[in-house]
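What follows is each chain in one-letter form.
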Amino acid sequence: MGRRSVATAMDPLLALAVIVGLVVVATLVGLLWRARNGRVRDASGVATLQQTGLKSSLEDDAQFGSDATIVQFSTEFCGPCRIAERVLSGVAAQRDGIAYLDVDLTTRPQLATEFGVLQTPTILLVDAAGGIRSRIVGVPKAHEVTARLDEITKENHVVVG
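If you're wondering where the values come from, they're calculated on a predicted model, not measured in any experiment. Counting of residues starts from 1 at the beginning of each chain's written sequence and follows it residue by residue. Given that the model is predicted, a residue must reach a pLDDT of at least 70 before its local features are reported, and side-chain atom pairs must reach 80 or more before they are shown or counted; all residues, however, enter totals for whole chains, interfaces and linings. Values shown for side chains rest on all heavy atoms present in the structure; no hydrogens or waters enter the calculation.

1. Details of the environment of Gln119
Phase 1: Starting at the N terminus, helices and strands are each numbered in turn, a helix being any DSSP run of H or I of at least four residues and a strand any DSSP run of E of at least two. With respect to the helices and strands, the residue Gln119 is situated in the loop between helix 5 (110-114) and strand 4 (122-127).
Phase 2: Note on exposure labels: buried denotes an accessible area under 20% of the residue type's maximum, exposed denotes more than 50%, and partly exposed covers the range between, all computed with a 1.4 Å probe on protein chains only. The partly exposed category is assigned to Gln119, whose relative accessible area is 28%.

Pasting the structure below:
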């Protein structure tokens, strides 16, 4: 009978340890997601807009910037996409030569596969030549987007002598 009471007393402790472990793991995953969400990252190895055909398919619908274009992939019912739209259209409006383009994946689902979009909003910062220079997943911070656009447009205007 003594063994039974010891085993019964350990069950709540084991359950508590499992619960605490799950909370710790969930917290770490959440902090990692939050740290990566909205960050501007280089987009190495990604095709240009011309190679994918996005630019030619949108030329009638969209105006690309002379220095850079912010391309946002969103969906119809995406709440964070509306916030990103306000941030990004505001950044584009403050700068000459920068255009903002919202691509609705609801009407063009093939582009999600083509550009590896797993979450909306996904944002691409594209240089004047159509090269995809940066990728952002989630709602970006305006100052980070502006800083990266400064780098892209500065590189566009470097004169090789």
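2. With respect to helix 4 (residues 79-93)
Think of an α-helix as 3.6 residues a turn; residues three or four steps apart then line up on the same face.
Phase 1: Multiplying 1.5 Å by the helix residue count minus one yields the expected span of that helix. With 15 residues, helix 4 ought to run about 21 Å at 1.5 Å a step, and its terminal C-alpha atoms sit 22 Å apart, in line with that.
Phase 2: Inspection of helix 4 places Cys81, Ala84, Leu88, Val91 and Ala92 among the buried residues, and these make up the whole buried set. Looking down the long axis of helix 4, one finds its buried residues gathered within 95° of arc, a one-sided arrangement. More than 90 degrees from the buried face of helix 4, the exposed residues found are Arg86 and Ala93. Our arc is simply the arc of the directions from the helix axis toward the C-beta atoms.

3. Remarks on the pairing of strand 3 (residues 98-104)
Phase 1: For two strands to pair, DSSP has to find at least two bridges joining them. Where strand 2 (residues 68-74) and strand 3 come together, 7 bridges link them in parallel fashion. Counterpart to Val71 in the pairing with strand 3 is Leu101.
Phase 2: Here a crossover is taken to be right-handed if, once the strands point away from the viewer, the path from the first strand over the helix to the second is traced clockwise. Note on the crossover from strand 2 through helix 4 to strand 3: the handedness is right-handed.

4. A few points about the packing of aromatic side chains
Phase 1: Any two of the Phe, Tyr and Trp rings considered here, Trp counted by its six-membered ring, make a pair once their centres fall within 6.5 Å; the pair's planes then place it as stacked at under 30 degrees, edge-to-face at over 60, or tilted in between. Applying the stated criterion across every chain yields a total of 1 aromatic pair.
Phase 2: With 5.2 Å between their ring centres and 40° between their planes, Phe73 and Phe115 make a pair best called tilted. You can see Phe73 sitting in strand 2 and its partner Phe115 sitting in the loop between helix 5 and strand 4, a full 42 residues away along the chain.

5. A short note on the environment of Phe77
Phase 1: With respect to the helices and strands, Phe77 occurs in the loop between strand 2 and helix 4.
Phase 2: Counting along the chain gives 43 residues from Phe77 to Thr120, while the straight-line C-alpha distance between them is 10.0 Å.

6. Some points on the pattern of salt bridges
Pairing between side chains of opposite charge can happen when the charged atoms of each approach one another.
Phase 1: What makes a salt bridge here is a side-chain nitrogen of Lys or Arg within 4 Å of a carboxyl oxygen of Asp or Glu, nothing more. On inspection of all chains with the given rule, the structure shows 4 salt bridges.
Phase 2: With a closest N to O distance of 3.4 Å, Asp127 and Arg133 form a salt bridge.
Phase 3: Measuring nitrogen to oxygen at the nearest pair gives 2.8 Å for the salt bridge that ties Arg148 to Glu151. Residue Arg148 and its partner Glu151 are both found in helix 6 (residues 142-156); the two are separated by 3 residues, about one turn of the helix.

7. Some words on a nonpolar patch on the surface
Phase 1: Patches here are clusters of residues that have more than 30% relative accessible area and form no salt bridge, with a 9 Å joining cutoff for like charges and a 5 Å cutoff for nonpolar side chains (Val, Leu, Ile, Met, Phe, Trp, Tyr). Where accessible areas are quoted, they stem from the Shrake-Rupley method and a 1.4 Å probe; at the residue level, only the protein chains shown are allowed to cover. Residues Leu16, Val20, Val24, Leu28 and Leu31 make up a contiguous nonpolar surface patch of about 460 Å² in total accessible area.
Phase 2: Position of Leu31 relative to the elements: it lies in helix 1 (residues 2-36).

8. Quick notes on the side chain of Thr153
Phase 1: Structurally, Thr153 is set in helix 6.
Phase 2: Its relative accessible area of 9% is what places Thr153 among the buried residues.
Phase 3: N or O atoms closer than or at 3.5 Å make up a polar contact, with two conditions inside protein: a donor-capable atom paired with an acceptor-capable one, and, for residues adjacent in sequence, both atoms drawn from side chains. Reaching out from Thr153, the side chain makes a polar contact with the backbone oxygen of Asp150 at a distance of 3.2 Å.
Phase 4: In this structure Thr153 touches Asp67, Ala68, Arg95 and Ile98, once residues within four positions along its chain are discounted. By definition, residues are in contact when any of their heavy atoms lie within 4.5 Å.

9. Comments concerning the confidence of the model for the protein
Phase 1: Here the protein shows a mean pLDDT of 79. Residues at 70 or above account for 71%.
Phase 2: At the level of individual helices and strands, the protein shows its lowest average pLDDT in helix 2 (residues 49-52), which scores 56, and its highest in helix 4, which scores 94. Per residue, pLDDT captures the predictor's confidence, and it can take any value from 0 to 100.

10. Focus on the state of the cysteines
Phase 1: The disulfide definition used here is simple: a pair of cysteine sulfur atoms within 2.5 Å. A full pass over the atoms with the stated rule returns 1 disulfide.
Phase 2: Each sulfur in the disulfide pair Cys78 and Cys81 lies 2.2 Å from the other. Judged by the sign of its S-S torsion, about 85°, the bond between Cys78 and Cys81 is right-handed. For the residue pair Cys78 and Cys81, the accessibility class agrees, reading buried in each case.

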